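Each chain is listed here by its residues.
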Amino acid sequence: MSKKVKDVKKRKWWFRLLKKLMKCRYKKPRLIYLGDDFKDGSIIISNHEGTDAPMALEIYVNRKMRMWGAYEMNSGLATLYKYQTRVYYHEKKKWNLHLARLFCLIASPLTYLFYRGLNLISTYKDLRFKKTIDESISTIKNGENVVIFPEDSTNGYLPQLENLFKGFIFLAESCEREGVDVPIVVSFFKIKENAYIFDQPILYSEVKEKYKTREEIAKYFLLRCNELGRKEI
């Protein structure tokens, strides 16, 4: 008889039920680890692939984690609806704007409910970003993983990433100032193969020894992420 696996994320009962229903849409991926499994208290960076990568992590990777998410998606329903229609579906997914507005009349209330259960860490593009960093450091010190999707998706979600935003580097630097040498795990969700690849964890101090600027560090992780995306499995 198989032993029931305890849900370490400690989500609320209604959210656990909702995740079971979501398994009809998001099938279980192959989880591939290149080297050692990562320890809790890590930064995990990943491509996004729309909702597929975040949902695969939340539903099928039984590890303590909190994800970064745009504050608009973690605010009131009206704000979420505007962001989801124009930015997510229209600009990133390239949907017709009128179709996106109609679809989100149904999708946004469900998204709003789901995001409440995820316990996201809100991200900002102004001075409030300090709140993001402070909450993330507390999360890491609490033994939870922080998941960040840093790809620049201006041109949509691409099989090879074009650029990475540097927020995860700011977080690693801030952890260092707090005396935490945080492990960083590069990962890639291969949607066609339905597989999630997790690289060997690397300490931020090791990356910093090799690459001196944020631009160099971001390029290193960009190249590694794309290498995982091209990897034959």
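Up top is the structure these notes are about.
These figures come from a predicted structure and were not determined experimentally.

*Asks:* It is not clear to me how the packing of aromatic side chains should be interpreted in this structure. Could you clarify?
*Replies:* In this description, an aromatic ring pair is defined by two values, namely the gap between the centres and the angle between the planes. Applying the stated criterion across every chain yields a total of 17 aromatic pairs. With centroids separated by 6.3 Å and ring planes inclined at 50°, the aromatic side chains of Tyr88 and Tyr157 adopt a geometry described as tilted. On the criterion of sequence distance, the pair formed by Tyr88 in helix α3 (residues 77-92) and Tyr157 in the loop between β5 (145-148) and α6 (167-177) is long-range, its members being 69 residues apart. Each of the two residues, Tyr88 as well as Tyr157, counts as buried. Here the aromatic rings of Tyr196 and Phe198 are separated by 5.0 Å at their centres, their planes lie at 15°, and the arrangement is stacked.

*Asks:* Explain α3 to me, please; I cannot follow it from the model alone.
*Replies:* Of all bends in α3, the biggest is about 35°, found at Gln84. For α3, the set of buried residues is Leu80, Tyr83, Gln84, Thr85, Tyr88 and Tyr89. Against β3 (65-70) and α4 (97-118) lie the buried residues of α3. Lys94, located one to two residues past α3, shows a positive phi value of around 65°.

*Asks:* When you look at the pattern of salt bridges in this model, what are you seeing that I'm missing?
*Replies:* Side chains carrying opposite charge are able to pair once their charged atoms draw close together. Applying the stated criterion to the full structure yields 14 salt bridges. When the shortest N-O distance is used, the salt bridge between Lys19 and Glu58 registers 2.9 Å. A residue pair is termed long-range when its members are at least 10 positions apart, and Lys19 in helix α1 (residues 13-22) and Glu58 in helix α2 (residues 52-60) qualify at 39 residues. The same class applies to Lys19 as to Glu58, namely buried. Put simply, Asp40 and Arg63 hold a salt bridge, and the shortest N to O gap is 3.2 Å. Taken together, the residues Asp40 in the loop between β1 (30-33) and β2 (43-46) and Arg63 in the loop between α2 and β3 connect sequence positions 23 residues apart. For Asp40, a relative accessible area of 39% translates into the label partly exposed. Three or more residues are tied together by salt bridges with common partners; here these are Arg11, Lys19 and Glu58.

*Asks:* Help me understand the nonpolar core in this model?
*Replies:* Considering soluble globular proteins, one finds that nonpolar side chains tend to be buried as a cluster. Membership of the largest hydrophobic core comes to 32 residues, with the highest contact counts inside it found for Ile43, Ile148, Phe168, Leu171 and Phe221. Of all elements in the fold, only β2, α5 (129-141), β5, α6, β6 (183-190), β7 (195-198), α7 (204-210) and α8 (214-230) reach the threshold of two or more residues within this core. Per-element tally for this core: the top contributor is α8, with six residues. Membership of the second largest hydrophobic core comes to 23 residues, among which are Ile44, Ala53, Met65 and Leu118.

Conventions adopted
- Residues numbered from 1 in each chain as written.
- Predicted model: local features only at pLDDT ≥ 70, side-chain atom pairs only at ≥ 80, totals over all residues.
- Heavy atoms only, no water.
- Phe/Tyr/Trp six-rings, centres within 6.5 Å; stacked < 30°, edge-to-face > 60°.
- Helix = DSSP H or I, 4+ residues; strand = E, 2+ residues; numbered from the N terminus.
- Buried < 20%, exposed > 50% of the residue type's maximum accessible area, 1.4 Å probe, protein only.
- Bend = angle between axes of the 7 residues up to and from the residue.
- Contact = heavy atoms within 4.5 Å.
- Salt bridge = Lys/Arg side-chain N within 4 Å of Asp/Glu carboxyl O.
- Core = buried A, V, L, I, M, F, W, Y, C linked by side-chain atoms within 4.5 Å.

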